[in-house]
Amino acid sequence: MSQSSFPANFLFGSATSAYQIEGAADEDGRTPSIWDTFCRTPGKVLGGDTGDVAVDHYHRWRDDVQLMADLNLNAYRFSISWSRVQPTGRGPAVQRGLDFYRSLVDELLAKGITPWITLYHWDLPQELEDAGGWPERATAERFAEYASLVAGALGDRVERWTTLNEPWCSAYLGYGSGVHAPGRTDHADVLRAAHHLNLAHGLGTQALRAALPGRAQIGVSINPAAVRALTDDPDDLDARRRIDALANRIFDGPMLRGVYDEDLIQDTSRLTDWSFVKDGDLADIHQPLDALGINYYTPTLVSASADRKLPRRDGHGGGEQSPWPAAEDIAFHQTPGETTDMGWTIDPTGLHDLLMRYHRETGGIPLYITENGMACDDKPSPDGTVHDPDRIAYLHSHLGTVQRAIADGADVRGYFLWSLLDNFEWAYGYSKRFGTVYVDFESLARIPKSSARWYAEVARTGELPALPALDALGEPVGDPVAD
């Protein structure tokens, strides 16, 4: 294998989530999720945007799968809408909702694309939130029942499963800063929610194991922070330790090692006594995994600070309240370098750090980059094409970093570009474009960008090509991918 080659059978995919692309918010029995409610709360989502229509994937899925095939993708990671298949979060499944996913999976398989299901990507049924949401233990129990329903419907044809996507965001942004649904702001509830999301992962994994054939592979996708200290001052290094506990070890500790680290418990002791952790919980959470998904966008830079008026540059939206429990005396700084349209610094070294860390700490669990990409202010050219050379450069640098981590010994087996399509970007509405396929949000027409054609060539050849030449205006010289 040459230095520019990826291993044989490496997965080149793209990823989406249900609420961001499906639309059809009230069709075929689907009921509101917390994001339907949040979008209708004045001031919560930019421009009052909603996912009611999104990019209408629910009705255009066949064309979207053909797009994936045209782009040579050999894997597609997507999430199930919980309230589409189990509208109240309890009881039997709605077969019309499951039929949509059955049809989608069958079409993917017919095109030679591996379906990779994520059971939870932030869209909790509203009825479960009304009953207390993730700070309540019962929500984890309901999740295990839901996992069994989906596995029973799709387990005969889907082998790759993810329990949760980015539980940090669900707990910290949903219940801490309130910039994500359900929009609550209680730091004690953040910690309760984090634990019950961990428990949902564990109980859900057990439910999947019981319902799926032995060949099924089960994992979880976390968004660990590559935390760095501003200086080598002991107080800054301790700030890094504390944020590492809150960002990373609160999830990977129970999932991978079966423990909550003592420093995390001590750091947050003024908020909770952690009595919500019951006997047997840690054993339930610490389940054998077949895959660990790493979602990465930018590093995190911290220091100790007594000035609570400093702007918080942690990349997780504004919000009057910090999402970080018991961390009021820690400052978050913008890391140096070029930034994306989200204001996130482009720095692939953080991805290498995380891949090597989890290579060391997992005991050999295969690693996958389950999200990585950038938002750009993409616009069609007069001829109707969409050129995004900045995204190509971003993908080139991060895929090169994956190759470097593999060369350094990390068992990385796949890369999922975020995202296949421009879509509803949560509290930013439709103002941010992460897609490698441009979507006209009025007509809903799809236009593959230059990055889509470039990535298609990587997927086709398994090689990382040189970056395309650009003219003085930053436009590609000729077609970046030959027909």
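Bear in mind that the values here come from a model prediction, so they are computed numbers and not experimental data. (Residues numbered from 1 in each chain as written. Predicted model: local features only at pLDDT ≥ 70, side-chain atom pairs only at ≥ 80, totals over all residues. Heavy atoms only, no water.)

Draft legend 1. Just the overall build of the protein chain, in detail. If you tally the helices and strands in the protein chain, you get 15 helices and 13 strands. Summarising its shape, the C-alpha atoms of the protein chain cover approximately 60 × 55 × 50 Å along the three principal directions. Considering the protein chain as a whole, with its 483 residues, one finds that 59% of them fall into the buried category. Within the protein chain, contacts between residues separated by at least 24 positions form 77% of all contacts whose residues are at least 6 apart in sequence. Taking the average location of the 43 positive side-chain charges in the protein chain and that of its 70 negative ones, the two points are 2 Å from each other. (Helix = DSSP H or I, 4+ residues; strand = E, 2+ residues; numbered from the N terminus. Buried < 20%, exposed > 50% of the residue type's maximum accessible area, 1.4 Å probe, protein only. Contact = heavy atoms within 4.5 Å. Lys, Arg positive; Asp, Glu negative; His and termini not counted. Charge placed at Lys NZ, Arg CZ, Asp CG, Glu CD.)

Draft legend 2. How the structure looks around the UniProt feature "binding site: substrate" (unreviewed entry) in the protein chain. The positions UniProt marks with the feature "binding site: substrate" (unreviewed entry) are Gln20, His121, Asn165, Tyr297, Trp418, Glu425 and Trp426. Taken from the residues named earlier, the lining of the largest pocket is made up of Gln20, His121, Asn165, Tyr297, Trp418, Glu425 and Trp426. For histidine 121, the position within the fold is in the loop between strand S3 (114–120) and helix H6 (126–130). Taking the relative accessible area as the measure of exposure, histidine 121 reaches 3% and is therefore buried. If sequence neighbours within four positions are ignored, histidine 121 has contacts with Thr16, Ser17, Gln20, Ser79, Asn165, Glu371, Trp418 and Trp426. Of note, asparagine 165 is situated in strand S4 (residues 160–165). With sequence-adjacent residues up to four places away left out, asparagine 165 is seen in contact with Arg77, Thr118, Tyr120, His121, Trp122, Ser170, Ser221, Asn295 and Glu371. (UniProt positions renumbered as here; feature names shortened; annotations may be inferred. 1 Å grid on protein atoms, 1.4 Å probe; cavity = no way out; pocket = protein on both sides within 12 Å on 5 of 7 lines; lining within 4 Å.)

Draft legend 3. Inspection of the packing of aromatic side chains at higher detail. For the structure on display, the rule yields 35 aromatic pairs. Plain terms: the ring middles of tyrosine 19 and tryptophan 426 are 6.3 Å apart, the flat faces sit at 15° to each other, and that makes the pair stacked. In this pair, tyrosine 19 is assigned in helix H1 (residues 18–21) and tryptophan 426 in the loop between strand S11 (412–418) and strand S12 (437–439), connecting sequence segments 407 residues apart. Across the pair, tryptophan 426 and tyrosine 19 agree in class, each one buried. (Phe/Tyr/Trp six-rings, centres within 6.5 Å; stacked < 30°, edge-to-face > 60°.)

Draft legend 4. Expanded view of the side chain of serine 79. Mapped onto the elements of the fold, serine 79 is located in strand S2 (residues 75–79). Beyond its immediate chain neighbours, meaning those up to four positions away, serine 79 contacts Thr16, Ser17, Ala18, Glu22, Tyr101, Thr118 and His121.

Draft legend 5. Representation of the UniProt feature "active site" (unreviewed entry) in the protein chain within the structure. The feature "active site" (unreviewed entry), as given by UniProt, occupies Glu166 and Glu371 in the numbering adopted here. What stands out for the annotated residues spanning 206 residues is how close their C-alpha atoms remain, the widest pair being 10.1 Å apart. When the annotated set is filtered for residues lining the largest pocket, what remains is Glu166 and Glu371. Note on placement: glutamate 166 falls in the loop between S4 and helix H8 (167–175). Once residues lying within four places of it in the same chain are set aside, the contact partners of glutamate 166 are Trp122, Ser221, Asn223, Asn295, Tyr297 and Glu371. Note that glutamate 371 resides in strand S10 (residues 367–371). Under the relative-accessibility criterion, glutamate 371 is labelled buried at 4%. The contact partners of glutamate 371, leaving out residues within four places of it in the chain, are Arg77, His121, Asn165, Glu166, Ile294, Asn295, Tyr296, Tyr297, Phe416 and Trp418.

Draft legend 6. Geometry of the environment of alanine 225. Looking at the element boundaries, alanine 225 is found in the loop between strand S5 (217–222) and strand S6 (227–229). Residue class for alanine 225 comes out buried when judged on its relative accessible area of 10%. When the C-alpha atoms of alanine 225 and proline 299 are compared, they prove to be 6.4 Å apart, with 74 residues separating the residues in sequence. The contact partners of alanine 225, leaving out residues within four places of it in the chain, are Ala247, Asn248, Thr300 and Leu354.

Draft legend 7. Broad picture of the layout of surface pockets. The calculated volume of the largest pocket comes to roughly 630 Å³. Taken together, 38 residues line the largest pocket, and the ones lying closest to its centre are Glu166, Cys169, Gly315, His316 and Trp344. Ranked by residues supplied to the lining of the largest pocket, first place goes to H8 with 3 residues. Its residues placed into classes, the lining of the largest pocket shows 21 nonpolar, 12 polar and 5 charged. (Points joined across faces, edges and corners; volume = space filled by probe spheres on them. Nonpolar A, V, L, I, M, F, W, Y, C, P; charged D, E, K, R; others polar.)

Draft legend 8. Representation of helix H7 (residues 137–154) in the model. When the terminal C-alpha atoms of H7 are compared, their 27 Å separation across 18 residues agrees well with the 26 Å that a helix rising 1.5 Å per residue should span. What H7 keeps buried is the set Thr139, Ala140, Arg142, Phe143, Ala144, Tyr146, Ala147, Val150, Ala151, Ala153 and Leu154. (Expected span 1.5 Å × (residues − 1).)

Draft legend 9. Seen up close, the sheet that holds S10. The strand order around the closed barrel built from 8 strands is S1-S2-S3-S4-S5-S7-S10-S11, with neighbouring strands paired in parallel fashion. Neighbour-to-neighbour, the strand axes of this sheet turn through a mean angle of 25°, independent of strand direction. Here 3 bridges tie strand S1 (residues 11–15) to S2, and the two strands are oriented parallel to one another. Opposite alanine 15, over in S2, you have arginine 77 as the bridge partner. (Pairing = 2+ DSSP bridges. Axes fitted to C-alpha atoms, helices over the stretch in contact; angles between N-to-C directions.)

Draft legend 10. Up close: the environment of alanine 24. Relative to the elements of secondary structure, alanine 24 occurs in the loop between H1 and helix H2 (34–39). Overall, alanine 24 belongs to the buried group, its relative accessible area being 6%. Separated by 30 residues in the primary sequence, alanine 24 and alanine 54 place their C-alpha atoms 8.4 Å from one another. In this structure, alanine 24 is in contact with Arg30, Asp52, Tyr58, His59 and Arg84, ignoring residues within four places of it in sequence.

Draft legend 11. Looking closely at the sheet that holds strand S9 (residues 330–333). Read from one edge of the open sheet, 3 strands run S6-S8-S9, paired in mixed fashion. The sheet terminates laterally at S6 and S9, the two strands that pair on one side only. Averaged over all pairs of adjacent strands, the angle between their axes in this sheet comes to 40°, without regard to strand direction.

Draft legend 12. Here's a closer look at the side chain of threonine 139. Inspection of the secondary structure puts threonine 139 in helix H7. In this view, threonine 139 contacts Trp82, Leu124, Gly133 and Trp134; residues no more than four positions away in its chain are not counted.

Draft legend 13. Geometry of the nonpolar core. Core analysis: the largest hydrophobic core is formed by 149 residues, its most contacted members being Trp35, Trp134, Trp161 and Ile243. With 10 residues, the top contributor of residues to this core is helix H9 (residues 187–211). Once residues lying within four places of it in the same chain are set aside, the contact partners of isoleucine 243 are Val227, Asn248, Val302, Trp324, Ala327, Ile330 and Phe332. (Core = buried A, V, L, I, M, F, W, Y, C linked by side-chain atoms within 4.5 Å.)

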